[in-house]
Amino acid sequence: MHQSSIFWLRAWFFLLLLLFGWVFYVTAWVTEDAFITFRVIDNLINGYGPRWNIDERVQVFTHPLWMFLLWPIVVVCGDPYWAAIGLSAACLILFLVLVFRLLGGINFSSLLVALYFISSAAFVDYSSSGLENPLTHVFLALFLLKWVSGKRDYFGFFLLFSLLYLNRPDSIIFVVPPLLFLICADFSAGGVRFLRAAAPAVLAGLAPMLLWLIFSLVYYGAFVPNTAIAKVQNGLDIYQSSHQGWNLIQYSLENDVGTLVFIGLGFGLGFFDKRYISFSFGILLYFVYLFYVGGDYMAGRFLTAPLVVSLLIFGLMSAGAIRKNKNFGYYGLALALIFFATKIESHFSLDYYSAPYIEKSGVADERGFYYPFLGVRPTLFYGNWLRYDFLQEGVALRGRTGKYLVKCNIGMTPYAAGADYVFIDPLALADGFIARLPAASGSRVGHYERSIPTGYLESRIFYKNLLQEPALRRLWDDTHIVLRGDIFTWDRFAAIFRLNFQKELYLTNIKNRDEIHFNGRVYKKTSYDCLGNSAVITVDAATLQIIQKKDLGLD
């Protein structure tokens, strides 16, 4: 390569690094859901264990590894917001290092792939947010780096499998087909001898995941997070779930089409190379899963992982073609610039980005909602990140006599209110009892409200079974001992077994799950309300009175 070409590649590389740094600074933010994890970390630091409400063991986070990495950083710096921003930035830097290493250093192909990443609104938005996406990106890049090395390192592959699971369980979907392909190929060649030789390495790699699953079952009473239990029992049939999954794709088609185009590039190319065809099947399987679970309300969040896999495959496969014919590279660059130009407003705007709108489908630009209050730039300008209404409400709640509160938005307010308060969540993400009830069908995607049964609030306050229906009484008895009883008792282990394997015991006689019973009234469920109220409210569980802003001195 000519010296002039090397000079220009390096110049574009450093320019691209500056661009990534600027875009991260301009767009970095933390979302409402991150504060759910922040509350668990706060309880961990204060000696209550990995709990959300300190009086019960409920796993409200889907990303144990991300949470346990944040924990010591928060201990050191004392601030979960900046800990999350810092960890996200570190993951982004490491990811870019891995991208350039995987794609052969600084060359046209690697620079093009990096530009594609920064042209994706989904990737930019969820390179921060306080959620686990940046770490998922790192592990997927590490897996592909190990894959292209050609080494049969089963310990390394399954260790990364474990880390992906611990960071976000559904991210293992991308690597299951490649691992199955690898095992089948080696078994065909080596037979039983291969299994005997590989088994110790596989088990050693899976050890972190298996240990967590054992801990989760013993401590929380389930293999999966409570959030998964709440969202699987979402009241939707397969057609409705698929329709909601399509709504997420449609939103991207209208607002972030570049992300879908970039996913399609690597996904399609992978089928033409036997080295990467299994990854294309992994991407396909992931989208089947996404439609099965009904998508999500956070625009772009669940598209960043398939984007990473697709663009890395594209980079690996396009490098040779670009070396042979520079025109391919120029066409790719033109495509990147077109999509990048559409994101200039959100990536470079000196005004604080804001898009506080929810589509009819329930999908929303979450960064647009929270950035003016929880973005890095406004936080630096105003000197703190406690300006959002939910956080101010939580701070104002401190010192009130009512300890038990009902709240539908369970991130910022419960975090700011502190550990002294017990929050009851009608959307069931943080409630092991309510999560096992049928959801209303009129709920917004990702917000599957349940009707709170008569007697449940009293049972929760007095730790006594005051429910009426026999099935609900059985459910209370078993969830109560599992979530709040002594950990190592035979009665508790029997209840864990029933909750996980005898769910028919808790089938309730709810005639109309779309009716929300609360505060002595019956509400017809609609998409954007909670507890029969169109506003985001907090209710005192003992008195059933709505806590008004004026009651907290916030008017």
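Owing to the predicted nature of the structure, the values given are computational and were not obtained by experimental measurement.

About the cut-offs
Sequence order sets the numbering: in each chain, residues are counted from 1 along the sequence as written. Local features in a predicted model are, by the rule used here, given only for residues with pLDDT of at least 70; side-chain atom pairs are given and counted only at 80 or more, and totals for whole chains, interfaces and linings are based on all residues. Based on all heavy atoms of the structure, the side-chain values leave hydrogens and waters out of the count. Among buried residues, the Ala, Val, Leu, Ile, Met, Phe, Trp, Tyr and Cys ones that are joined through side-chain atoms within 4.5 Å form a nonpolar core. Each residue is placed in one exposure class: buried if its accessible area under a 1.4 Å probe, protein chains only, is under 20% of its type's maximum, exposed if it is over 50%, and partly exposed if it falls in between. Under the scheme used here, helices are H or I runs from DSSP no shorter than 4 residues and strands are E runs no shorter than 2 residues, and both carry numbers assigned from the N terminus. A helix is expected to span 1.5 Å for every residue after the first. N or O atoms within 3.5 Å of each other form a polar contact, as long as, within protein, one can give a hydrogen and the other can take it, and as long as residues adjacent in sequence are counted only when both atoms are side-chain atoms. Throughout this description, the term salt bridge denotes a Lys or Arg side-chain nitrogen within 4 Å of a carboxyl oxygen of Asp or Glu. Each aromatic pair joins two rings of Phe, Tyr and Trp (for Trp, the six-membered one) with centres within 6.5 Å, and gets the label stacked for planes under 30 degrees apart, edge-to-face for over 60, and tilted for any other angle. Sitting over a ring, as applied to charges here, requires NZ of Lys or CZ of Arg to be within 6 Å of the ring centre and within 35 degrees of the ring normal. Strands pair, by our definition, only if DSSP identifies at least two bridges between them. Working convention: axes come from line fits to C-alpha atoms, limited for helices to the stretch in contact. Angles between N-to-C directions cover 0 to 180 degrees.

Let's talk about the nonpolar core
Counting 176 residues, the largest nonpolar core has Phe35, Phe95, Phe117, Leu391, Phe433 and Tyr456 as its most contacted members. No other element matches helix 4 (residues 80–102), which puts 13 residues into this core.

As for helix 4
Structural remark: α-helix, 3.6 residues per turn; residues separated by three or four positions point the same way. End to end, helix 4 covers 32 Å across 23 residues, agreeing with the expected 33 Å (1.5 Å per residue, within 8%). Where helix 4 begins, one side-chain oxygen reaches toward the backbone nitrogen of Tyr81, 2.9 Å away; that side chain belongs to Asp79.

Concerning the pattern of salt bridges
This structure, assessed with the given rule, holds 12 salt bridges. Here the salt bridges share partners, and the residues they tie into one network are Asp55, Glu56, Arg460 and Arg484.

Points about the packing of aromatic side chains
Taken as a whole, this structure holds 50 aromatic pairs when the rule is applied. Between the aromatic rings of Tyr456 and Trp476, the centroid separation amounts to 6.1 Å while the plane-to-plane angle is 75 degrees, which identifies the pairing as edge-to-face. One end of the pair, Tyr456, is in helix 21 (residues 456–462); the other, Trp476, is in helix 22 (residues 470–484), and 20 residues separate them in sequence. Of the two residues examined, Tyr456 and Trp476, each falls in the buried class. Here the aromatic rings of Trp490 and Phe493 are separated by 6.3 Å at their centres, their planes lie at 70 degrees, and the arrangement is edge-to-face. Here Trp490 pairs with Phe493, and both are found in helix 23 (residues 490–501), just three residues apart, close to one helical turn. Three or more aromatic residues joined by ring pairs form one cluster here, namely Phe61, Phe68, Trp71, Trp212, Phe215, Tyr219 and Tyr220. Here the guanidinium or amino end of Arg367 rests over the ring plane of Tyr371, the centre of that ring lying 5.8 Å away. Over the ring of Phe390 we find Lys407, and its NZ or CZ is 5.3 Å from the ring centre.

What to know about the sheet that holds strand 5 (residues 538–540)
The strand order 2-1-5 describes an open sheet built from three strands, whose pairing is mixed. The open sheet has two edge strands, strand 2 (422–424) and strand 5, and neither has a second partner. On average, adjacent strands in this sheet sit at an angle of 35 degrees to one another, irrespective of strand direction. Two elements, strand 1 (residues 404–407) and strand 2, share three bridges in a ladder whose sense is parallel.

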